[in-house]
Amino acid sequence: MNKISKILKHQFTFIMIAIFIGFIVAAMVLGISGYNPLEVYSILFKGMFSKPRYIMNIIIKASPIILTGISVAFALRVGLFNIGVEGQYIVGTIVATVVGIIFDFPSFIQFPLILIGGTLAGGLYGAIAGYLKAKGGIHEVITGIMFNWIAFYAGNYIVSLERFHDPGTTTTYLINASGLDPVYNWKMSSGGQEILQQSAFLREVLGRTSANIGIIIAIIVALLITFILKKTTKGYELRAVGLNKYASEASGINVQKNTMETLLIAGAIAGLAGALSITGVYQRLYELMALENYGFNGLSVALMAGGSPIGCIFAGLLFAGLTYGGGTIQLEIGAPSEIIDILIGTIVFCMALVTIIPLLINKISQRGGNKQC
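Computed from a prediction, not measured in an experiment: that's the story for all the values here.

Rules behind the numbers
- Residues numbered from 1 in each chain as written.
- Predicted model: local features only at pLDDT ≥ 70, side-chain atom pairs only at ≥ 80, totals over all residues.
- Heavy atoms only, no water.
- Helix = DSSP H or I, 4+ residues; strand = E, 2+ residues; numbered from the N terminus.
- Rg over C-alpha atoms; globule rule 2.2 N^0.38 Å.
- Buried < 20%, exposed > 50% of the residue type's maximum accessible area, 1.4 Å probe, protein only.
- Contact = heavy atoms within 4.5 Å.
- Areas by Shrake-Rupley, 256 points an atom, 1.4 Å probe, with all protein chains shown as cover.
- Lys, Arg positive; Asp, Glu negative; His and termini not counted.
- Charge placed at Lys NZ, Arg CZ, Asp CG, Glu CD.
- Salt bridge = Lys/Arg side-chain N within 4 Å of Asp/Glu carboxyl O.
- Core = buried A, V, L, I, M, F, W, Y, C linked by side-chain atoms within 4.5 Å.
- Expected span 1.5 Å × (residues − 1).
- Phe/Tyr/Trp six-rings, centres within 6.5 Å; stacked < 30°, edge-to-face > 60°.
- Patch = residues over 30% accessible without salt bridge, like charges linked within 9 Å, V, L, I, M, F, W, Y side chains within 5 Å.
- Bend = angle between axes of the 7 residues up to and from the residue.

Trainee: Let's hear about the overall build of the chain: which residues, and what values?
Mentor: Helices and strands together make up the secondary structure of the chain, namely 18 helices and zero strands. For the chain, whose C-alpha radius of gyration is 22 Å, the value lies close to the compact-globule estimate of 21 Å for 373 residues. With respect to the principal axes defined by its C-alpha atoms, the chain has extents near 75 × 60 × 35 Å. Taken over 373 residues, the chain has a buried fraction of 49%. Pairs at least 24 residues apart make up 74% of the contacts formed inside the chain by residues separated by at least 6 positions. Accessible surface, the chain as shown: approximately 18,200 Å² in total, 67% of it carbon and sulfur. Mean positive and mean negative side-chain charge positions of the chain (24 and 17 charges, respectively) differ by 16 Å.

Trainee: Could you give an account of the pattern of salt bridges, naming the residues involved and the relevant values?
Mentor: Applying the stated rule across the entire model yields six salt bridges. With a shortest N-O distance of 3.1 Å, Lys 133 and Glu 140 are connected by a salt bridge. Three or more residues joined by partner-sharing salt bridges are found here, namely Arg 53, Glu 204 and Arg 208.

Trainee: An account of the nonpolar core is needed here, citing residue identities and associated values.
Mentor: Ranked by internal contacts, the top residues of the largest apolar core, which has 101 residues, are Leu 44, Ile 70 and Val 221. Looking at this core element by element, the count peaks at twelve residues for helix 4 (residues 52-77). Not counting the four nearest positions on each side in its chain, Leu 44 is found in contact with Phe 23, Leu 322, Gly 325, Gly 326, Thr 328, Ile 329 and Ile 340.

Trainee: Which residues make up helix 11 (residues 214-231), and what are the values?
Mentor: With 18 residues, helix 11 extends 25 Å from end C-alpha to end C-alpha; this agrees with the ideal 26 Å at 1.5 Å per step. Taken residue by residue, helix 11 has Gly 214, Ile 215, Ile 217, Ala 218, Val 221, Ala 222, Ile 225, Thr 226 and Leu 229 as its buried positions. Residues of helix 11 that are buried make contact with helix 4, helix 6 (107-136), helix 12 (233-243), helix 14 (255-282) and helix 16 (309-333).

Trainee: Residues and numbers for the environment of Gly 306, please.
Mentor: With respect to the secondary-structure elements, Gly 306 resides in the loop between helix 15 (294-304) and helix 16. Counting along the chain gives 294 residues from Gly 306 to Phe 12, while the straight-line C-alpha distance between them is 9.3 Å.

Trainee: How would you sum up the packing of aromatic side chains? Please name residues and give values.
Mentor: Counted by the stated rule, this structure contains eleven aromatic pairs. With 5.2 Å between their ring centres and 40 degrees between their planes, Tyr 125 and Phe 147 make a pair best called tilted. Pair noted here: Tyr 125 is in helix 6 and Phe 147 is in helix 7 (residues 140-160), with a separation of 22 residues, a long-range link. An identical accessibility class is assigned to Tyr 125 and Phe 147; each is buried. An aromatic cluster of three or more residues is present, and its members are Phe 23, Tyr 41, Phe 45 and Phe 49.

Trainee: Let's hear about unusual backbone geometry: which residues, and what values?
Mentor: For residues besides glycine, phi is generally negative; the peptide bonds are generally trans as well. Of note in the backbone geometry, Gln 283 takes a positive phi value of approximately 65 degrees without being a glycine. Here Gln 283 lies in the loop between helix 14 and helix 15.

Trainee: Pulling in residues and values, what's your account of a nonpolar patch on the surface?
Mentor: On the surface, Ile 17, Phe 20, Ile 21, Ile 24 and Met 28 cluster together into a nonpolar patch covering about 450 Å² of accessible area. Secondary-structure assignment places Ile 24 in helix 2 (residues 11-32). Exposure remark for Ile 24: the relative accessible area of 39% places this residue in the partly exposed category.

Trainee: Which residues make up helix 4, and what values go with them?
Mentor: With 26 residues, helix 4 should cover 38 Å at 1.5 Å per step; its first-to-last C-alpha distance of 36 Å lies within 8% of that length. Roughly 30 degrees is the biggest bend found in helix 4, and it falls at Ala 62, with proline Pro 64 one to four residues downstream. Counting buried positions along helix 4 gives 20 out of 26 residues, so the element sits mostly inside the fold. At the exit of helix 4 stands Gly 79, carrying a positive phi of roughly 80 degrees.

The following block contains the structure:
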């Protein structure tokens, strides 16, 4: 019984149970609506995995929400709820676009410059909320929501400026080619085109998608944040503040400083996600840029991952896969694509019960032990 209870208490077990329950609830809704759940799920997975191009598109879609998920997860570890991640992401896209249009350095300078610009912008935007929290006691959820709207309308304003607006569209001009993702520049080069022509697989995976290095950077960031939290003195301070800020303060840890640093780092990660979206996928700033909801989707990813930066990689891929494949079920059999929202919502809700399930398992274990006695 003890071994079983240990397995049940493991976070991975919770995640699997949450996913399973999510699929069961979604199947019940489909059944009530008159659709065959097995047929719907078959179409869903076909839309996710039937072609290499689909898998690559899922990876592309997952990259920014993995990063925004890490941003939220990192703040959660320090006891903060970074609901302002959407605004930090948008600010990253704004600065990345402005830098990409104004400057036109060689690629080895331009591309990193755009990423640095977006990262710094997101970090500073998050730091403002951190400062208001630390110095003024203003809750980060309140400032985060306000800053999300400020960033949203700031993006629309930049699109409308004559210096950046592309006439006849609702977008800015394209950023200079020197700032585009290295994968894109490679496949558009004569050497890249020659290699793509020789390989049907590469044409499918790279030539017909917006493949970029975003997923590589997202994995690096997840590993780096995990290392900082678990293997460094600063990480220990941050986790201590998240567990009990009063005890941390009594032990000499500067809680205010750690609060500001946390939201600065979280904002920087979200800003990086925005910059990578510009260099790798969009290549320009769109009016109503927030409609993609990469920031808010990062909240779901962080909760699905149980606040684990590494877990955000897998949660992000799952989230992207379900949303990407979900579009096919409406096209093929007319089943509402909203069923994917129900599925994801149920998984997130079940993950929110992580703190309750161990208590139930302990009670069941104790009852089992008492019966044996």
